[in-house]
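Residue-level listing of the chains:
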Amino acid sequence: MAAASCLLTEDQFLCSICLDVFTDPVTIPCGHNFCKTCITKHWDINSPNQCPNCKRLFTTRPELQVNTFISEMAAQFRQSAQQKASSSSSEQHVSKPGEVPCDICTGTKRKALKSCLVCLVSYCETHLEPHLTSSGLKRHQLIDPVENLEGRMCTKHDKLLELFCKTDQMCVCMLCTVSDHKAHDVVPLKEGYEGKKAELGKTEAEIQQMIQKRQLKIQEIKHSVELSEEDADREIADGVQVFTALKESVERSQAELIDTIKEKQRKRENQAEGFITELEHEISELKKRNTEVEKLSQSEDHLHLLQSFAFLNTAPPTKDWTEVKVHPQIKGTVVRAVNQLEETLSEQMKKLLSEAELKRVQRSAVDLTLDPDTAHPNLILSDDGKQVQHGDVTKNLPDNPERFDTCNFVLSKQSFSSGRFYYEVQVKWKTYWNLGVARESVNRKGYIPPNYQNGFWTIWLKNENNYEALACNVVHLSLKSRPEKVGVFVDYEEGLVSFYDVDAAVLIYSFTGCSFTEKLHPYFGPCNNSRGKNSAPLIISPVNPTE
């Protein structure tokens, strides 16, 4: 019996009503077999006494008796199927969260492999078998397993949603196209899917781009915070250095004040000791004289008293102590010391703040090289592009639009349109020069005064000791020392151009409230050679932060 069951196929043991292995199988007069419960319910609900398969109608409901032969065969087949399912359990995975479960499995639900759009049921591998082998079920439309199969049916016509209405942007059935969506732009579901998928791809790309922009912004913000932390650390270090220097200065002044007061006190004590010694000497001499006077006054020798009186009556040499004083207070010492300290601290504070400010701007140092395409033909540039001087010979160079043809100017190759930058130029041994920054669009042809109206922000040494800033009106600059190295600092957003005497660590001049709207180039003017008097070059120097 067991061997015979192995020759039978699975669909021979399946009830065509429940699609499962027979339970209490019965055979009706037309020869078709069903589960006893299935055929009974079918006749109770649907057409009475009619075979579901061949549609044969019986005049009276047949009496149903369990077919013991088929029942035994079905039981053996069910056991065999269970063993087969058990042996292949590793391949038939139990449904996990997020996976579509089989609608037929009882107890533990296995993972569905397909969903049927006709039956509106999802099947695991075992329960899918009839759809793969039964000729009637093969015509059903199978898709990858999905949940909520009822949602794929048109609620109005109870038909499969297999079209997409582009006009109303919704899925419809065939009957919808002849009613509510008549004359609409309707395409197959696949075509609508591909169109929307393309839109989703574009949307995904846009979202990814937005994500990348925000990730870059996060990096930018984090970098700004890091730079802020570095600036804060540097500011703290500079502040500690300044206040430490001021504190040391106050402590020195305090020690000097104490020493001064003690020294004055020692002088007064020495003076007082001298006065006391002198007074005690006079007292001693006076006491001796007083003794002699007492002795003479007691003498009864008339001649001796008269002869000795003249000698004793002559006063010994003594000092008039009436105006002699030792002042008990040292007045004004503290006030004078504090006033002197205030002046010292004021000067020192200015110097320390200037050094700190110069140190701060030096952190924005950039590496510059001169642009030979902009240099006036009289200028001589070094091979490394770091030096420029005026020559006596005009070179034959192309008169390109970038070149200055009248003024002895040259620009740097580098330009800046945001942020801060700083550079230093050695001007030692020169008697004339001008330095600064210029807009990229400045006129290069003809005579151009290098002032801000013409797009220049510059200072110059006009002659031996005449320094000027070429602002709206020329500003004469009073410098305590002759700069040998000039630092130039620009804050593009703040509209600031500042010039520093690097060695003295002092600010020379600042252009403030400038409006920059285009690229700026560092600008250099070595001025005329003047027969060798001003032949020294302007030299772009490496920046060494102020200690």
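Refer to the structure printed above.
Residues numbered from 1 in each chain as written. Predicted model: local features only at pLDDT ≥ 70, side-chain atom pairs only at ≥ 80, totals over all residues. Heavy atoms only, no water.

## What about the nonpolar core?
Applicable threshold: Side-chain atoms within 4.5 Å link the members of a nonpolar core, which is a set of buried Ala, Val, Leu, Ile, Met, Phe, Trp, Tyr and Cys residues. Residue burial is assigned from relative accessible area. The probe radius is 1.4 Å, only protein chains are included, and a residue is buried under 20% of its type maximum, exposed over 50%, and partly exposed in between. By the convention used here, residues are in contact when the closest approach between their heavy atoms is within 4.5 Å.
Core analysis: the largest hydrophobic core is formed by 36 residues, its most contacted members being Trp433, Phe511 and Phe524. The residues contacting tryptophan 433, other than those within four sequence positions of it, are Val427, Ile459, Trp460, Leu461, Tyr467, Val486, Gly525, Cys527 and Leu538. Within the second largest apolar cluster, 19 residues are counted, among which are Leu14, Val21, Phe22 and Val26.

## What about helix H2 (residues 36-45)?
Convention followed: Helix and strand assignments follow DSSP, with helices taken as H or I runs no shorter than four residues and strands as E runs no shorter than two, numbered in order from the N terminus. The directions from the helix axis to the C-beta atoms are what the arc is built from.
Cys38, Ile39, His42 and Trp43 are the residues of H2 that are buried. Seen along its axis, H2 keeps its buried residues to an arc of 125°; they face one direction. Exposed side of H2, more than 90 degrees from the buried face: Lys41, Asp44 and Ile45 are the residues found there. Buried residues along H2 sit against strand S1 (25-27) and strand S2 (33-35).

## Thoughts on the packing of helix H5 (residues 189-297) against helix H7 (residues 333-362)
How we decide: Axis lines are fitted through C-alpha atoms, for helices just across the contact stretch, and the angle between N-to-C directions can take any value from 0 to 180 degrees. Convention used here: angles under 35 degrees read as roughly parallel, angles over 145 as roughly antiparallel, angles from 65 to 115 as roughly perpendicular, and any remaining angle as oblique. In this scheme the crossing of two helices becomes right-handed for a clockwise turn of the near helix relative to the far one and left-handed for an anticlockwise turn of less than a right angle. Amino acids outside the nonpolar list (Ala, Val, Leu, Ile, Met, Phe, Trp, Tyr, Cys, Pro) and the charged list (Asp, Glu, Lys, Arg) are all regarded as polar, and Gly is one of them.
At their nearest, the axes of H5 and H7 sit 10 Å apart, and the two run at 160° to each other. What the angle tells us is that H5 and H7 run roughly antiparallel. Of the two possible hands of crossing, H5 and H7 adopt the one that is right-handed. For the contact of H5 with H7, the per-class residue count stands at 13 nonpolar, 7 polar and 7 charged.

## Remarks on helix H4 (residues 125-133)
What H4 keeps buried is the set His127, Leu128, Pro130 and His131. For H4, the angular spread of buried residues about the axis comes to 140°, placing them on one side. Packing partners of the buried residues in H4 comprise strand S3 (114-116), strand S4 (121-123) and strand S5 (142-143).

## What to know about the sheet that holds strand S16 (residues 474-477)
Our working definition: By this definition, two strands are paired if DSSP reports at least two bridges between them.
The sheet built from 6 strands is open, its strands ordered S11-S20-S13-S14-S15-S16 with antiparallel pairing. Both edges of this open sheet fall to strand S11 (410-411) and S16, since each of them pairs with a single strand only. In terms of strand pairing, strand S15 (residues 466-470) meets S16 through 4 bridges, oriented antiparallel. The partner of alanine 469 across the bridge, within S16, is valine 475.

## Structural notes on the environment of valine 293
Here valine 293 shows up in helix H5. The partly exposed category is assigned to valine 293, whose relative accessible area is 37%. Separated by 226 residues in sequence, valine 293 and asparagine 67 place their C-alpha atoms 176 Å apart.

## With respect to the packing of aromatic side chains
The test is simple: Within 6.5 Å between ring centres, the rings of Phe, Tyr and Trp (the latter by its six-membered ring) count as paired, and their orientation is classed by plane angle as stacked under 30 degrees, edge-to-face over 60, tilted in between. Comment: the charge-over-ring label is applied if NZ (Lys) or CZ (Arg) is within 6 Å of the ring centre and within 35 degrees of the ring normal.
Applying the stated criterion across every chain yields a total of 13 aromatic pairs. Measuring from centroid to centroid gives 5.8 Å for phenylalanine 275 and tryptophan 321, while their planes differ by 80°, and the two rings are edge-to-face. A residue pair is termed long-range when its members are at least 10 positions apart, and phenylalanine 275 in helix H5 and tryptophan 321 in the loop between helix H6 (302-313) and H7 qualify at 46 residues. For the pair phenylalanine 275 and tryptophan 321, one class covers both residues: buried. Judged by centre distance (5.1 Å) and plane angle (65°), the ring pair of phenylalanine 456 and tyrosine 523 falls under edge-to-face. Residue phenylalanine 456 is located in strand S14 (residues 456-463), and its partner tyrosine 523 is located in strand S20 (residues 520-525); the two are separated by 67 residues in the primary sequence. According to the relative accessible area criterion, tyrosine 523 is buried, its value standing at 0%. Every member of this aromatic cluster is reached through a ring pair, and the members are Phe404, Phe409, Phe456 and Tyr523. Over the ring of tryptophan 321 we find lysine 319; its NZ or CZ atom is 4.7 Å from the centre of that ring.

## Considering unusual backbone geometry
In the Ramachandran plot, leucine 19 falls in the positive-phi region, its phi being about 60° despite a non-glycine side chain. Note that leucine 19 resides in the loop between helix H1 (2-7) and S1. Phi at tryptophan 429 is positive, roughly 75°, even though this residue is not glycine. Residue position: tryptophan 429 is located in the loop between strand S12 (420-426) and strand S13 (433-439). Residue classification places tryptophan 429 among the exposed residues on the basis of a relative accessible area of 62%.

## Regarding a negative patch on the surface
Worth spelling out the cut-off: Patch membership requires over 30% relative accessible area and the absence of a salt bridge. Like charges are linked within 9 Å, and nonpolar side chains (Val, Leu, Ile, Met, Phe, Trp, Tyr) within 5 Å. For the accessible areas, the method is Shrake-Rupley and the probe is 1.4 Å, while residue cover comes only from the protein chains on display. Throughout this description, the term salt bridge denotes a Lys or Arg side-chain nitrogen within 4 Å of a carboxyl oxygen of Asp or Glu. Working convention for charge: Lys and Arg count positive, Asp and Glu count negative, and His plus the chain ends are omitted. Charge placement uses NZ in Lys and CZ in Arg. For Asp and Glu, CG and CD serve respectively.
On the surface, a cluster of negative charge is contributed by Glu226, Glu229, Glu230 and Asp233. Inspection of the secondary structure puts glutamate 230 in helix H5. With relative accessibility at 39%, the residue glutamate 230 sits in the partly exposed group.

## Topic: the pairing of strand S19 (residues 506-511)
Relative to S19, strand S18 (residues 496-501) runs antiparallel, the two being bridged by 5 bridges. Looking at the pairing, aspartate 501 lines up with valine 506 of S19.

## Quick look at the sheet that holds strand S8 (residues 186-188)
One open sheet accounts for 3 strands, arranged S7-S6-S8; its pairing is antiparallel. Taken across any chain shown, the strands that pair with only one partner, and hence form the sheet edges, are strand S7 (170-172) and S8. Adjacent strand axes in the sheet meet at a mean angle of 35°, parallel and antiparallel pairs treated alike. Both strand S6 (residues 163-165) and S7 contribute to a ladder of 3 bridges, which runs antiparallel. Following the sheet pairing, cysteine 165 is matched in S7 by methionine 170. Contacts between H5 and the sheet are confined to S6, S7 and S8, with S8 contributing the most and set at about 95° to the helix.

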